[in-house]
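Listed here are the chains, written in short residue letters.
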Amino acid sequence: MTFSICVREEYTDDEGDDQTRFGVAVTTRLPAVGTLCPFASENGAVATQSLVNVDLGRDGVRYLDEGLAIEDALEALLNADDGRAQRQLHGVDADGSFTFSGEECKGWFGHHDGGDYTVAGNLLTGPEVVDSVAETYEEVAHEESVDPLDDDGPAPLAERLLDALAAGHAEGGDKREELPIQSAALIVARTEDAEMEPYYDDLRVDATETPIADLRETYELAREGYQDAVELYADAYAEDDLDADE
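The structure displayed is predicted, hence computed values, not measured ones.

Undergrad: Would you explain the sheet that holds strand E5 (residues 87-93) in this entry?
TA: In any sheet, the strands associate via hydrogen bonds between backbone groups, in a parallel or an antiparallel arrangement. Read from one edge to the other, the open sheet built from four strands follows the order E3-E4-E5-E6, with strand pairing classed as antiparallel. Strands at the two margins of the open sheet, each flanked by one partner only, are strand E3 (38-41) and strand E6 (97-101). Averaged over neighbouring strand pairs, the angle between their axes works out to 10° when direction is ignored. Note that E3 and strand E4 (residues 44-50) share four bridges and pair antiparallel. Within the sheet, the bridge partner assigned to phenylalanine 39 lies in E4 and is valine 46.

Quick look at the structure:
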């Protein structure tokens, strides 16, 4: 009923320090997928789908935060899950990736492991959906990575995740056309500390007939709002610094 992508990217911040960002994006022909499927922290990204077990995502990210490798964390959770055969679970951490599709998932289902990204889907029109998501992300994944807020560099990861979802959607996506109410969501987390976290890095559209278009509009408005806030408060912070120096 779903297709999703999880990614890991390395980049250099304004101070010249190495940083990592993780992202996950998902869409489905059901409402409120953002409450069930995507999970991310500064240590990794996980997507849980098919017959959803939310604990696989929630506990998966918690285990990553506690220092477990993603392969160990997600395999351990699946081994303890009686519904394993009906689950799809995939994700990335700082060093590795993991993909799993149970044999009882509904077709078409499958996954792709790109090393620093993973894609999975079920109840799709065909394998071209997953292939298109992967190919679209790969087109920009290996450009020079820079500060995610630098307009001179690659588009922010949230925007590129949206592009990947849009490509899969255009190839047919979720095959259940009898279910018009859909949803989509994305999350981006990073190791870099920021005074203001980007508003466009955690977005959801919970009930709509046009999930990708609506999530993109939400993203564009959120990014515009973030840039306005940065400009406004940057001046305020500068004034505070001047006052402190006097």
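Undergrad: Teacher, can you tell me more about the pairing of strand E1 (residues 2-12) here?
TA: The side chains of a regular strand alternate between the sheet's two faces. Counting buried residues in E1 gives nine out of 11 residues, a clear majority hidden from the surface. Pairing analysis gives 11 bridges linking E1 to strand E2 (residues 18-28), with the strands arranged antiparallel. When the sheet's bridge partners are listed, glutamate 9 is paired in E2 with arginine 21. Connecting E1 to the next strand, E2, in antiparallel fashion are five residues, including glycine 16 with a positive phi near 85°. Across six bridges, E1 lies against strand E8 (residues 117-122) in antiparallel orientation.

Undergrad: I keep staring at the sheet that holds strand E7 (residues 110-113) and nothing clicks. Help me out?
TA: Across the sheet, six strands lie side by side as E7-E8-E1-E2-E9-E10; this open sheet has antiparallel pairing. Where the open sheet ends on each side, the last strands, each with one partner, are E7 and strand E10 (202-208). Adjacent strand axes in the sheet meet at a mean angle of 10° when their direction is disregarded. Relative to E2, helix H4 (residues 157-170) is tilted by about 30°, and along the sheet it contacts E1, E2 and strand E9 (182-190).

Undergrad: Looking at this structure, I do not really get the environment of valine 140. What am I missing?
TA: With respect to the helices and strands, the residue valine 140 is situated in helix H3 (residues 127-141). A residue is classified by how much of its surface remains accessible, and valine 140, at 23% relative accessible area, is partly exposed. Taking the C-alpha atoms as reference, valine 140 lies 8.8 Å from alanine 155; in sequence the two are 15 residues apart.

Undergrad: I tried to follow the packing of aromatic side chains on my own but got confused; where do I start?
TA: Aromatic ring pairs: the centre-centre distance and the angle between the two ring planes describe each pair. Under the definition given, this model contains four aromatic pairs. Grouped by ring-pair contacts, the aromatic residues Tyr199, Tyr200, Tyr219 and Tyr226 constitute a single cluster. Positioned above the aromatic ring of tyrosine 200 is the side chain of arginine 223, whose terminal nitrogen or guanidinium carbon lies 6.0 Å from the ring centre.

Calculation notes
Residues numbered from 1 in each chain as written. Predicted model: local features only at pLDDT ≥ 70, side-chain atom pairs only at ≥ 80, totals over all residues. Heavy atoms only, no water. Pairing = 2+ DSSP bridges. Helix = DSSP H or I, 4+ residues; strand = E, 2+ residues; numbered from the N terminus. Axes fitted to C-alpha atoms, helices over the stretch in contact; angles between N-to-C directions. Buried < 20%, exposed > 50% of the residue type's maximum accessible area, 1.4 Å probe, protein only. Contact = heavy atoms within 4.5 Å. Phe/Tyr/Trp six-rings, centres within 6.5 Å; stacked < 30°, edge-to-face > 60°. Lys NZ or Arg CZ within 6 Å of the ring centre and 35° of its normal.

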